[in-house]
Each structure stands twice: as structure tokens, then as C-alpha cells.
Amino acid sequence: CFLRDRAQIQRYWDEWLETTCHRDLPEVSKGKLNPDYAFRILELTCTLDQPTAAEIAKKLRIDARRIKTHLECLLSLFLIRKWNPILNGVGKPMYLPFDAGLGSHFGATLPRLWQTWFAHHTINMTRKLGKKDPALHYYLTPRGSFADFIDDEALHIFNDETVPNSRLLIRLKALEKRHPQHQIRVYSATDQRPQKISKQTTSVPWAQLMTDLSSDP
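Conventions adopted
- Residues numbered from 1 in each chain as written.
- Predicted model: local features only at pLDDT ≥ 70, side-chain atom pairs only at ≥ 80, totals over all residues.
- Heavy atoms only, no water.
- Axes fitted to C-alpha atoms, helices over the stretch in contact; angles between N-to-C directions.
- Helix = DSSP H or I, 4+ residues; strand = E, 2+ residues; numbered from the N terminus.
- Parallel < 35°, antiparallel > 145°, perpendicular 65-115°, else oblique.
- Left-handed = near helix turned anticlockwise from the far one by under 90°.
- Contact = heavy atoms within 4.5 Å.
- Nonpolar A, V, L, I, M, F, W, Y, C, P; charged D, E, K, R; others polar.
- Disulfide = S-S within 2.5 Å.
- Buried < 20%, exposed > 50% of the residue type's maximum accessible area, 1.4 Å probe, protein only.
- Phe/Tyr/Trp six-rings, centres within 6.5 Å; stacked < 30°, edge-to-face > 60°.

Colleague: What am I meant to see in the packing of helix H3 (residues 53-60) against helix H4 (residues 64-76) here?
Modeller: Two quantities define a packed helix pair, namely the angle between the axes and the distance from one axis to the other. Interaxial distance between H3 and H4 falls to 9 Å at its minimum, and their mutual angle equals 120 degrees. What the angle tells us is that H3 and H4 run oblique. Considering only the axes of H3 and H4, their crossing is right-handed. Here H3 contributes Ala 53, Ile 56, Ala 57 and Leu 60 to the contact with H4, which in turn contributes Ala 64, Ile 67, Lys 68 and Leu 71. By residue class, the composition of the contact of H3 with H4 is 7 nonpolar, no polar and 1 charged.

Colleague: Just to check I follow, could you spell out the state of the cysteines for this structure?
Modeller: By definition, a disulfide is the covalent link that joins the sulfur atoms of two cysteine residues. Under the criterion given, the structure shown has 0 disulfides. The cysteine Cys 46 is free of any disulfide, with Cys 21 supplying the nearest cysteine sulfur at 11 Å. We note that Cys 73 lacks a disulfide partner, and the nearest cysteine sulfur, in Cys 21, lies 10 Å from it. By relative accessible area, which is 12% here, Cys 73 ends up buried.

Colleague: Please explain the packing of aromatic side chains as it appears in this structure.
Modeller: Any pair of aromatic rings gets described here by the distance separating the centres and the angle formed by the planes. Inspection of every chain in the model, using the stated rule, returns 16 aromatic pairs. Ring centres 5.4 Å apart and planes at 75 degrees place the aromatic pair Trp 13 and Trp 16 in the edge-to-face group. With Trp 13 and Trp 16 both in helix H1 (residues 6-28) and 3 residues apart, this pair spans about one turn of that helix. The same class applies to Trp 13 as to Trp 16, namely buried. Between Phe 118 and Phe 158, the ring centres sit 6.1 Å apart and the planes meet at 75 degrees, which makes this aromatic pair edge-to-face. Of this pair, Phe 118 sits in helix H6 (residues 110-128) while Phe 158 sits in strand E6 (residues 154-159), and the two are 40 residues apart along the sequence. Every member of this aromatic cluster is reached through a ring pair, and the members are Trp 83, Trp 114, Trp 117, Phe 118, Tyr 138, Phe 146, Phe 149, Phe 158, Tyr 187 and Trp 206.

Shown next, in the form of C-alpha cells:
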């Protein structure tokens, strides 16, 4: 995190990936895991729109059972995080990289970087309170309404535009009907003040996410 030169950062991650995938993982798995598969899986958790086991297997054209074996190992080593659908939604478990720096190295979108940061920070704050790591959940409806994260109080949505567009506003109305007990926070790519969209939904600048989550309960 103290490196500022882009070439140095690139070299750091290249070396880290080489050491992790080609030395550490084969040693831990006693040669059962393929270093190249592990590398590609880490890359795809950063770049696929829906990084599920099935989508990763499809992209790599590898048997899904082999992919699941690699995913379980990567999870056990805390190199990825599982991102589950909530019980009354649809979808399959997805996987996030453990660190936004790795996501940036692989060219992840800004929403994916924020998803990764949100997961990392949420777990760190929970550990700070001496509690068990929380399960990370997203929400997806059959019609495609999506919330990046959902907890007991709020739905969290990352928007890569300065304000919610008309398509997102339609999604937000659907989410409000399904979750009237939740507040909805849309984190938008702006430095403007929070904007109230409805009684239930607010659009706030991405930077405020750090302030909101860093406040002790």
C-alpha cells in the first residue's frame, strides 16, 4: 500500500502471483492443484460479471468439479471470499478476490473493486469487535434486480454513474417493494452531497462508504 510507482506495483503483484500459485499452492495441496488454473481463477474472480463456479468453469473450459476443488483450496487460504445469495433470492455462490489491489492488477471494474473493498472492510470491522466473520450476501431477483450486499438494515448498491439512471431507478422501486423494512444506499461515482431518491432510498458519493463503514457501531 506504500508503493506509488505503477511499474513497482505491477511487479509486486506479478511476483506475488508467481510465488502463491506456482510455489505455495502446489505445496499446500501436495501437487493436486494446477498452478495455472489457480492463477486464472483468481483473475476471473476479478473480471467476470458473475464469478460463480459454473461461469469460471465455462470460461476456462474445465470440468466444474476441478474448479470447485481449486475454489475450496483458495477459500481455505483466504485468497478469495465466498459471496452468497440470500435465501429468498436467486443465484449461486459467487467469489471475490481477497484484496482490491489484486482486482486492480487484473483490471477489475470500479464496482468490482468496491465490492471487494466492502467485503474486506466489513469482515475487518467485525473482527475488530471480536465477532465471527459475517456471511457476505448479495440479492438477485428472477427479473434481474440486484443489490451488491444486503445486511439486517440496508441494501448496498454500487453505481458507476454520477446518479442513478432510469434503468437503475426501476430496479430500486422493485427492491423497495420487496424489502420495505430495509434502507437502500446507492453509492454513486460523484463527490456531490447525498441525494434523497425516496423515503427509503438515498444516493451517496462513493467516498461516504468509507465514512459510514468505518464508524464504530
